[in-house]
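Coordinate inspection notes
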Amino acid sequence: MAKKGIEVRELVKRYSTKIRKGFLRSETKVIEALRGISFDVHHGEVVGLLGPNGAGKTTTIKILATLLLPDSGDAFIEGYSVVKEPHKVRECIGVMLTVEKGFYPMLTGKENLEYFGRLYGLKGNYLKKRVEEILDLVGLKELGAADRIYEEYSLGMRARLSLARALLPNPPILLLDEPTLGLDPPSARRIRELVKNLVRKDGKAVLYTTHNMFEAEIICDRILLIDKGVIIASGTPAELKKLVRGFRAIVLKLREEVIANKLIKILNTSGYEKISKIKEGELVNVKILVEDPERELTTILKLATSHGLEIDYIAIQEPSLEDVFIELTGAKE
């Protein structure tokens with residue numbers, strides 16, 4: 001088992017807000033952003049934190065980045081407490097909270113990185129070499145943007161520079177909050193590829209928040225589903241999909257409708273009830289809902305072949321991560 005880079009233990013965070021109750025009256029309402037969450041992130045993996053707006057994702061990232069103090073509980077970065085040793089934690093992390101804030105508009109991308117590199121304690125030739133390496137790594141040199149002023153950057157370029165700043169001191173831990181939000185597909189793909197390559201090559205531990213279900217499925221080794229300040233499910237994308245019942249199906253494509261009708265009759269006789277038939281061009285799809293498609297597929301194929309029915313194509317349909325998200329959180333967007 002790889003070493004734990006991030007350990008979160010019973011984090012609680014509350015906010016107080018004013019709710020108007022008339023023209024001159026208001027009352028204080030306490031919002032529980034986090035209600036005792038615990039999880040680990042190991043080196044060499046990307047763990048996704050998914051949930052609806054207001055679920056507690058950014059609050060979690062900010063506590064780990066030592067930008068917020070929890071009301072109770074603690075978290076440890078490389079063994080250092082975010083509550084008791086924030087200065088040690090900051091030496092271990094690279095943080096990307098937004099792609100557009102914190103840079104100087106009239107400095108070039110390279111000059112911005114050199115400035116932040118000095119704040120990180122990098123000096124002399126090593127700083128210059130490191131800036132060049134990072135600009136090349138995130139593709140800003142390739143785009144001819146290293147010596148352009150930040151004010152002229154597109155959103156995609158700004159995202160790359162924001163990730164470059166997080167990577168500049170070569171931290172073992174990355175905290176990335178919605179790093180591809182609003183980006184065009186090529187820029188988003190570049191960010192995802194960089195993150196995955198860093199994990200494979202350098203064994204970094206990455207906590208990654210996103211609303212993009214497709215992105216979470218392709219980039220995350222494990223996913224934590226958070227809702228109303230509580231982690232309600234966790235596991236690999238495949239494990240989470242198994243939590244949603246009724247979505248798995250075996251789809252058989254046949255040449256003729258008469259063959260499809262015969263197959264449906266055979267399946268009904270054998271105890272399969274949730275069957276639908278859909279015409280698709282010249283083919284007919286017979287869809288059978290089952291709980292365990294891998295186990296049932298052999299039985300269904302034996303039934304078809306024993307009656308001389310020819311099947312042109314077989315597919316297994318599983319629930320998407322979006323189905324899991326909606327099923328478990330009740331989110332409709």
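Everything here concerns the structure above.
Okay, so let's go over this structure. Along each chain, residues carry numbers from 1 onward, in the same order as the chain's sequence is written. A pLDDT threshold of at least 70 governs which residues receive local features in this predicted model, and a stricter bar of 80 or more applies before side-chain atom pairs are shown or counted, although totals over entire chains, interfaces and linings include all residues. The basis for every side-chain value is the complete set of non-hydrogen atoms in the structure, without hydrogens or water.

Glancing now at the overall build of the protein. Each helix is a run of H or I in the DSSP string that is no shorter than four residues. Each strand is a run of E no shorter than two, and both are numbered from the N terminus. Secondary structure assignment for the protein yields 11 helices and 14 strands. On C-alpha atoms alone, the protein measures out to a radius of gyration of 25 Å, which is more than a quarter above the 20 Å that the 2.2 N^0.38 rule sets for 333 residues. Under the scheme applied here, a residue whose accessible area is under 20% of the maximum for its type counts as buried, over 50% as exposed, and between as partly exposed, the area being computed with a 1.4 Å probe on protein chains only. A burial count over the protein gives 47% of its 333 residues as buried. Two residues qualify as a contact provided that any one of their heavy atoms is within 4.5 Å of a heavy atom in the partner residue. Here the analysis covers contacts within the protein between residues at least 6 apart in sequence; of these, 69% occur between residues at least 24 apart. The Shrake-Rupley method, run with a 1.4 Å probe sphere, supplies the accessible areas, and residue values consider only the shown protein chains as cover. Within the structure as shown, the protein displays about 17,400 Å² of accessible surface, and the carbon and sulfur contribution to it stands at 50%. Side-chain charges of the protein comprise 52 positive and 47 negative groups, with the mean position of each set lying 4 Å from the other. Radius of gyration means the value over C-alpha atoms here, while the globule rule gives 2.2 Å times the residue count to the 0.38 power. Charged residues are defined narrowly, with Lys and Arg counted positive, Asp and Glu counted negative, and His plus the chain ends left uncounted. Where a charge lies is defined by one atom per residue type, namely NZ (Lys), CZ (Arg), CG (Asp) and CD (Glu).

Turning our eyes to something else, we now look at the packing of aromatic side chains. Pairing of aromatic rings covers Phe, Tyr and the six-membered ring of Trp, with a centre-to-centre limit of 6.5 Å; geometry is then stacked below 30 degrees between planes, edge-to-face above 60, and tilted otherwise. Following the criterion strictly, the structure yields 5 aromatic pairs and no others. Taking the centre distance of 5.6 Å and the plane angle of 45° together, the rings of Tyr 150 and Tyr 153 count as tilted. As far as burial versus exposure is concerned, Tyr 150 and Tyr 153 are alike and both buried. One aromatic cluster is present, formed by Phe 103, Tyr 104, Tyr 115, Phe 116, Tyr 150 and Tyr 153 through successive ring pairs. By definition here, charges over rings are those cases where NZ of Lys or CZ of Arg is within 6 Å of the ring centre and within 35 degrees of the ring normal. Between the NZ or CZ atom of Arg 158 and the centre of the ring of Tyr 150, over which it lies, the distance is 4.7 Å. The lysine or arginine in question, Arg 165, covers the ring of Phe 103, its NZ or CZ lying 4.0 Å from the ring centre.

Here we take up the pattern of salt bridges. Here, a salt bridge means any Lys or Arg side-chain nitrogen found within 4 Å of an Asp or Glu carboxyl oxygen. Counting across every chain of the model gives 17 salt bridges. Of the charged contacts, one joins Glu 78 and Lys 3 as a salt bridge, the two residues approaching to 3.8 Å between their closest N and O atoms. Of this pair, Glu 78 sits in the loop between strand E4 (72-77) and strand E5 (80-81) while Lys 3 sits in the segment before strand E1 (4-20), placing them 75 residues apart in sequence. The salt bridge partner of Glu 32 is Arg 14, with a shortest N-O separation of 3.9 Å. Taken together, the positions of Glu 32 in strand E2 (residues 26-42) and Arg 14 in strand E1 put the pair 18 residues apart, joining distant regions of the chain. A residue is classified by how much of its surface remains accessible, and Glu 32, at 39% relative accessible area, is partly exposed.

Let us now look at the packing of helix H3 (residues 109-119) against helix H4 (residues 124-137). Between two packed helices, both the angle of their axes relative to each other and the distance between the axes serve to describe the pair. Axis lines are fitted through C-alpha atoms, for helices just across the contact stretch, and the angle between N-to-C directions can take any value from 0 to 180 degrees. Remark: H3 packs on H4, axes separated minimally by 10 Å, with the N-to-C direction vectors making an angle of 130°. Judged by the angle between their axes, H3 and H4 are oblique. Of the two elements, H3 crosses H4, and the hand of that crossing is right-handed. Contacts between H3 and H4 pair Lys 110, Leu 113, Glu 114, Gly 117 and Arg 118 from the former with Leu 127, Val 131, Glu 132, Ile 134 and Leu 135 from the latter. Here the residues of the contact of H3 with H4 are counted per class, giving 5 nonpolar, 1 polar and 4 charged. Angular relationships are summarised with four words: roughly parallel below 35 degrees, roughly antiparallel beyond 145, roughly perpendicular across 65 to 115, and oblique for the angles in between. The hand of a helix crossing depends on one turn: near helix anticlockwise from the far one by less than a right angle means left-handed, and clockwise means right-handed. Polar here means any residue outside two lists: the nonpolar Ala, Val, Leu, Ile, Met, Phe, Trp, Tyr, Cys and Pro, and the charged Asp, Glu, Lys and Arg; Gly therefore counts as polar.

Moving on, we get to the pairing of strand E7 (residues 173-177). Most of E7 sits out of view: 5 of its 5 residues are buried. Because side chains alternate across E7, one face comprises the buried residues Ile 173, Leu 175 and Asp 177, and the other comprises Leu 174 and Leu 176, equally buried. Paired strands, as defined in this entry, are two strands with at least two bridges between them according to DSSP. The pairing of strand E6 (residues 93-96) with E7 spans 4 bridges and is classified as parallel. Each bridged residue has a counterpart across the sheet, and for Val 95 the counterpart in E7 is Leu 175. In this fold, E7 hands off to helix H6 (residues 185-202), which returns the chain to strand E8 (residues 205-209); that crossover is right-handed. Crossovers are described as right-handed under a simple rule: with the strands pointing away from the observer, the path leading from the first strand over the helix to the second runs clockwise.

The residue Arg 20 is located in strand E1 in this model. Not counting residues within four places of it along the chain, the set of residues in contact with Arg 20 comprises Arg 25 and Ser 26.

This part is about the layout of surface pockets. Method remark: on a 1 Å grid restricted to protein atoms, a set of points is classed as a cavity if a 1.4 Å probe fits but cannot get out and as a pocket if it is open with protein on both sides within 12 Å along at least five of seven lines; lining residues have an atom within 4 Å of a point. Grid points are joined across faces, edges and corners, and a volume is the space filled by probe spheres set on the points. Of the volumes computed, that of the largest pocket is approximately 540 Å³. Arg 90, Ile 93, Gly 94, Val 95 and Tyr 120 are the residues nearest the centre of the largest pocket, which is lined by 21 residues in total. Per-element accounting of the lining of the largest pocket gives the leading share, 4 residues, to E6. Grouping the constituent residues of the lining of the largest pocket by class yields 13 nonpolar, 4 polar and 4 charged.

For residues that are not glycine, phi is negative in most cases, and the peptide bond is trans in most cases. Even without glycine at this site, Glu 10 takes up a positive phi of about 50°. Mapping Glu 10 onto the fold places it in strand E1. In this structure Glu 10 comes out as partly exposed when scored by relative accessible area, which is 49%. Its identity as a non-glycine residue notwithstanding, Thr 66 has a phi of 65°, on the positive side. The residue Thr 66 is located in the loop between helix H1 (57-64) and E4 in this model.

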